[in-house]
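# Inside the fold
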Amino acid sequence: TASVRKGGDTLGKRLLSLVYAKRSAVVTIRKWKEEGGAVRKYELNRIVRELRKLKRYKHALEICEWMRLQQDIKLLAGDYAVHLDLIAKVRGINSAEKFFEDLPSQMRGEHTCNALLHSYTKKQLSSKAEALIEKMADCGFLKSPLPYNHMLSMYVSSAQLEKVPEVIEKLKRSTSPDIITYNLWLTTCKEQNDVATAERVFLELKKAKVPPDWFSYSILANLFIKNASLEKALSAIKEMEKRTSRKTRVAYSSLLSLYTNMGDKDGVHRIWNKMNSLFPKMNDAEYTCMISSVVKLGDLKEAEKLYSEWELVSKTGDPRVANILLAAHVNNGQMEMAEKFYERVAKKGVTPCYTTWELLTWGYLKEKQMDKALYYLNKAIGSVEKWKFDRKLIAELFENLQGCGNVEGAEELLVILRNAGHVSTEVYNSLLRTYAKAGVMPLVIAERMKKDGVSMNDETSKLLGKTSKI
């Protein structure tokens, strides 16, 4: 038997080429075995790791389930932990809990408990996570910072920052913080805008001989910029840069944002040039970051140039990249340029999204071109399956229509909102206020409200009384 065939054909290549979720990893393994191929546990574990990195959890789970059924493959606690994590991702928490309960008792140890705890914290199930970590403490499973870091991560992402100090105290009693602990602690300081504590935490990290990474310095730099300590911020950015390499690609986008917030145009371009020398091509997120940076620094010409470059290299046609430039034109009141840019984007086959239409709606609303504002509002609402009523936008539209007594526009807006399933008493009252301002008597309002299933309030009655005398 062999694990590599002619032409470099391997089981790994076959499994990683199953792009569509409907295709079966088990069928692929069986076929490989039938052809006389060897199937080794370490190789399957490596493939599962690769698939998890690619977020292809269904195939990774199928491989784990196949391994579990093989008599000749001996699974360890770590294998079951990976299996549990994949079940939580693919089938949900209830299935993961059932899997955990059905495990042989010797496998319900530190590894699988950590996997279940991680699943709880990812879903922000605080009470379940807190109950489990208590049990883990009773069983002596809290020997590493990992479970504590899961808890810290949950508290930071769910804004339960008041619970962070207690977790850190408990962690220090049973083990030592690692760089992830310190970064979560520093993030808490950043969220609370607490420079003094952040500096104290950083000092403690240094004393504990835990090497800070690029992310540690990124958190500090952001906090210093927010508090206008620009010298300290620059020093942190320089340290961050020293720890940034090809392996930490995402750090470069963070550096772009930091130099932008420092107002350092040269720094931004230097990092972008470095990225271009290190990586064969930039991804959408990196172009988004760079275009946002140059827009923020007021260089629209450069932003247009970067957008043209993105059009050539990217095949995604992501409208969010175009929306950065569109928003810049709208915010500058350059509606003619915004419209031209939108037409260019559409010609290239980029499908506008809700934000595209919303930006154009706000732009024309600010310019008081109500026909166009209503046209784009209609487009925006039509681009989503279920529109969430935007109180601020609708209030501003009615206010403008009312201000100039634009009855036709107000009636058109009522129709748009009715079609979207958002007619209310307040919408009708806004319509009546527009009629009152125009000095025009509205027709059959009470009947129309009844037909729309909308009730009147005191203001409706007052407005009806006022407009009936016109």
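Everything below is about the structure printed above this text.
Residues numbered from 1 in each chain as written. Predicted model: local features only at pLDDT ≥ 70, side-chain atom pairs only at ≥ 80, totals over all residues. Heavy atoms only, no water.

Moving on to the state of the cysteines. In protein structure, a disulfide is the covalent linkage between the sulfur atoms of two cysteines. A complete count under the given rule lists 0 disulfides for this structure. Free cysteine Cys 139: the closest other cysteine sulfur is in Cys 113, separated by 6.6 Å. Looking at Cys 139, the relative accessible area reads 49%, which means it is partly exposed. (Disulfide = S-S within 2.5 Å. Buried < 20%, exposed > 50% of the residue type's maximum accessible area, 1.4 Å probe, protein only.)

Before going further, it helps to spend a moment on the packing of helix α9 (residues 146–157) against helix α11 (residues 179–191). A packed helix pair is summarised by two numbers, namely the angle formed by the two axes and the spacing between the axes. Contact geometry for α9 and α11: axes closest at 10 Å, N-to-C directions at 20 degrees. In this view, α9 runs roughly parallel relative to α11, as classed from their interaxial angle. As for how α9 packs across α11, the hand of that crossing is left-handed. Across from Asn 149, Leu 152, Ser 153 and Val 156 in α9, the residues of α11 making contact are Ile 180, Thr 181, Leu 184, Thr 187 and Thr 188. Across the contact of α9 with α11, the residue classes break down as 4 nonpolar, 5 polar and no charged. (Axes fitted to C-alpha atoms, helices over the stretch in contact; angles between N-to-C directions. Helix = DSSP H or I, 4+ residues; strand = E, 2+ residues; numbered from the N terminus. Parallel < 35°, antiparallel > 145°, perpendicular 65-115°, else oblique. Left-handed = near helix turned anticlockwise from the far one by under 90°. Contact = heavy atoms within 4.5 Å. Nonpolar A, V, L, I, M, F, W, Y, C, P; charged D, E, K, R; others polar.)

Here we come to helix α10 (residues 164–174). Those residues of α10 that fall on the buried side of the exposure criterion are Val 164, Val 167, Ile 168 and Leu 171. For α10, the buried positions fall inside an angular range of 100 degrees around the axis, keeping them on one side. On its buried side, α10 packs onto α9 and α11. (Arc of directions from axis to C-beta.)

Of all residues except glycine, most have a negative phi; of all peptide bonds, most are trans. Even without being a glycine, Ala 159 presents a positive backbone phi close to 60 degrees. Along the polypeptide, Ala 159 turns up in the loop between α9 and α10. On the accessibility criterion, Ala 159 (58% relative accessible area) is exposed. Phi angles above zero are rare outside glycine, and Lys 368 is one such case at about 60 degrees. Tracing the backbone shows Lys 368 in the loop between α21 (354–366) and α22 (370–382). Its relative accessible area of 58% is what places Lys 368 among the exposed residues.

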